[in-house]
Amino acid sequence: MDLLHGLNPAQRAAVSAEPGPILVLAGPGSGKTRVLTHRIAYLVTELGVAPWHIMAVTFTNKAAREMRERIEKLMGGSMRGVMMGTFHSSCVRILRREVDHLVGYDRNFVIFDSDDQKQVVKQALKDLNLDDKRFQPAKMLSGISTAKSELVTAEQYEAANYVAEITKRVYKRYQEILIANNAMDFDDLLLNTVLLFDGNPDVLRAYQERYQHILVDEFQDTNSVQYELVKRLSALHQHIFVVGDADQSIYKWRGADFRNIRRFEKQFPGARQILLEQNYRSTQLILDAAKAVIKRNSDRVHKELFTERRGGERLVIHEAYNESDEGQYVVDSIAMLTAQGREPGDVAVMYRTNAQSRALEEAFIRAGLPYRLVGAQRFYGRREVKDVIAYLRLIHNPRDDVSFGRIINVPKRAIGRTTQMQIQQYAQQIGFSSAEAVMLLAGDATLPHPFSARAFNALSHFGNLLNGWVAVRDAMPVGELLDLVLEQTDYRSYIDDDTPEGASRWENVIELRGVASEADDTSLADFLEQVALVADADRTEGGPNAPTLLTLHAAKGLEFPIVFITGVEDGILPHSRSLDDMEEMAEERRLFYVGLTRAEDRVYLTRTFRRTLWGNSDVAVPSRFLQDLPADVVESAAGSHSSRQQSQSRMTSWNWSNPDNAPRGRSTHRARASRPTTEYRTRQPLPPSRSAQPERERQSAPIQAQFKTGQRVRHGKFGEGIVIESKLTGNDEEVTVAFSAAGIKRLAASFAKLELLE
Ligand code: ATP
Ligand code: MG
């Protein structure tokens, strides 16, 4: 039979199993997704199941599209009717039809994104007379989201302590507002579907009849509400077919729980378990490397995994000088591989954090090599990066109305649409740009203007900021100017809402800060020009035959002949957030495992000697995971690369033995220890966690004002002056000083380095 042809016996057993609860547990590349795809085709063609009785859940909508194409190819016919998509998209479809059963909603309900959610939670806090400084909206939202993914409604939410009691009240009000808006957030889509079923047995029954066969890919990454949904839908017929691999569970931060596999086994005691043990993707060497890495995780069930692809090429571990050198190495290696007959599209370049894509993208752009970026905005296209650049552009050129429009109310400073239009008109009338008009207003309170007192206050506050920045722009290195802007606008709290996405946005800003500080000798104008050129080149989209750049998380389920994993350093992979948490560390290891097992033929692991990331330049420490690779799967460092010469020439200009050249204090011996690539097996002392550092600095910022009105102070550039006012803002102190030469300036104490003169 065609469908079973090209499958091994275990796969065949899974594809053709009698309908019932079936659990396929197997390592990467063993054909789980392939089996699931064939199973759908088998159900339809061999068992005569109507396509509309099948619901297949994939991890992304993209995966669903690919699966649909594969099945259509397999069957040579249309798969119309099969419900295929993510949990969210499946639930939306059910809710669109059935939402009338939920009190307060009608079928035109809208889905609120994270910005909308923030507004709603703020409103809820306001309605409850709660201070949103004390009860941060992001914290409240994250509590609500966790509750929803655990299937806990506001009524059920346990008010175990004071904060939980508040969260419960906010959660309740938050839901009321959503309902009043006929809106749901993302978590609601799942939770409400479960609630719909629980409250309406007849509706559930109809869907149980409709979706008689349920299949779930990447089952290890389901969370509780998703699990409960599957459980309910399959309760009647129990035709539930799930495939997964606990070792590849990498979405704990979204509430995924690989223990759902155990729950499944308990739930369906008669479930048939099928193990697949042959890997068809990778060479023996790559598998050996991956197995050696994952073996170090405790609390896991050992699975057999073998391949017939004996031998293979050893893994290359390359130490680049810094991140731009690393990018260059990747690009050079791709050039070499394509010269050897490989296609650029065979290559994937993976990284742990989104911010790392910046240096890589720049290397591709410099080389004129098109690339595809998966699942993310190109670095210079990201909202937060554009915001910050808009600030710098406006400071450089206050006539830039486009940049002004972008940031006038970002972060929110109570300058709404009407006021913005008024500014435009007013500026035109007096013959200036909007920013100039605002700066003028701030400088001269006697100017006639059309603004309400409230609008005027907001505008002149912003105008003061602009005046301050423009005054220092030529005297200050770009990096410091950027710091000042970030600090005085409190941009971080705007962009970083304590969610992983927020943290990643902030990392992008800090990454840009790193670019700026490297350009310390460049003028603001030159810096902006550089950035504009890269951002523009950015538009060249790579076609299908271009290397793919993606995060390790986004790489799940995919495969590529050649895989680069970059930034294999402690603090990046494993991420600094995981260094003191065993469970997080185990998850980082799984992530590295997922990365390695994407590769078919070749793996390159790169790290830097010295990395500027998240605002700090420091000697990098090789990832502890590298120590787990057996020596015989790794290519010796000596037999490295053409581009290595380039790295080396840069490295020789750096004097290893001269402590004066050492990046900073104690790191000299670390520098030496990490020099020869072959020494990656010695455990290195941990550096202070890099990403944690700015955090610490923020926290150690004064909580009490250091300066008082009337004090005399000296500033490095502005000279002597007198403190007019000082107040605490966020984590910093904002000091307004009248300088005898430079006039009145508003400064952030932590950056201004004011010296007290009495
Ligand atoms: P992951 O855990 O990474 O999601 P997986 O278990 O889902 O992996 P698949 O992606 O289904 O694995 O399969 C890996 C590769 O092996 C695919 O290219 C697939 O076509 C191929 N493959 C699977 N089974 C066989 C087989 N019996 N014969 C030949 N190739 C196979
Ligand atoms: Mg798969």
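This is a predicted model, so every value here is computed, not measured.

Trainee: Even after reading the chapter, I still don't get the side chain of Gln117, so can you show me in this structure?
Mentor: As for its placement among the helices and strands, Gln117 is situated in helix 5 (residues 114-127). A residue is classified by how much of its surface remains accessible, and Gln117, at 14% relative accessible area, is buried. A distance of 3.1 Å separates a polar atom in the side chain of Gln117 from a polar atom in the side chain of Tyr174. The contact partners of Gln117, leaving out residues within four places of it in the chain, are Phe112, Leu141, Tyr174 and Asp185.

Trainee: How do you make sense of the site of ligand 1 when you look at a structure like this?
Mentor: Every one of the 19 residues lining ligand 1 counts as a neighbour, but Gln11, Lys32, Thr33, Glu559 and Arg598 are closest to it. One of the backbone N or O atoms of Gly29 is found 2.9 Å from an oxygen atom in ligand 1. Contacts to ligand 1 include Arg281, whose side-chain N or O atom sits 2.9 Å from an oxygen atom. Relative to its unbound accessible surface of 640 Å², ligand 1 loses 84% to contact with the protein. Two domains each put at least three residues into the shell around ligand 1: domain 1 (9-94 + 191-278) and domain 3 (287-378 + 540-680).

Trainee: Explain helix 13 (residues 323-339) here, please?
Mentor: One full turn of an α-helix is made of 3.6 residues, so residues set three or four places apart face in the same direction. Its 17 residues place the ends of helix 13 24 Å apart at the C-alpha level, agreeing with the 24 Å of an ideal helix rising 1.5 Å per residue. Counting buried residues along helix 13, 12 of its 17 residues qualify, which places the element largely inside the surrounding structure. Among the residues making up helix 13, those that are buried are Glu323, Asp325, Glu326, Gly327, Gln328, Tyr329, Val330, Val331, Asp332, Ser333, Ile334 and Leu337. Between a side-chain oxygen at the N-terminus of helix 13 and the backbone nitrogen of Ser324 the separation is 3.2 Å; the capping residue is Asn322. Positive phi shows up at Gly341, right after helix 13, with a value of about 105 degrees.

Trainee: What is the right way to read a negative patch on the surface from this model?
Mentor: Together, Asp299, Asp580, Asp581 and Glu583 make up a negatively charged patch on the protein surface. For Asp581, the position within the fold is in the loop between strand 13 (560-565) and helix 24 (582-596).

Trainee: Teacher, can you tell me more about unusual backbone geometry here?
Mentor: What is expected of a backbone is that most residues other than glycine have negative phi and most peptide bonds are trans. A cis geometry characterises the amide bond from Val410 onward to Pro411, with omega recorded as -5 degrees. Of note in this structure, Gln238 is not a glycine but carries a positive phi near 60 degrees. Looking at where Gln238 falls in the secondary structure, it is placed in the loop between helix 10 (224-234) and strand 7 (240-244).

Definitions and limits used
Residues numbered from 1 in each chain as written. Chains lettered and ligands numbered in written order. Predicted model: local features only at pLDDT ≥ 70, side-chain atom pairs only at ≥ 80, totals over all residues. Heavy atoms only, no water. Helix = DSSP H or I, 4+ residues; strand = E, 2+ residues; numbered from the N terminus. Buried < 20%, exposed > 50% of the residue type's maximum accessible area, 1.4 Å probe, protein only. Polar contact = N/O pair within 3.5 Å; in protein donor to acceptor, adjacent residues only side chain to side chain. Contact = heavy atoms within 4.5 Å. Near = heavy atom within 4 Å. Areas by Shrake-Rupley, 256 points an atom, 1.4 Å probe, with all protein chains shown as cover. Domains from an automatic or database assignment. Expected span 1.5 Å × (residues − 1). Patch = residues over 30% accessible without salt bridge, like charges linked within 9 Å, V, L, I, M, F, W, Y side chains within 5 Å. Salt bridge = Lys/Arg side-chain N within 4 Å of Asp/Glu carboxyl O. Lys, Arg positive; Asp, Glu negative; His and termini not counted. Charge placed at Lys NZ, Arg CZ, Asp CG, Glu CD.

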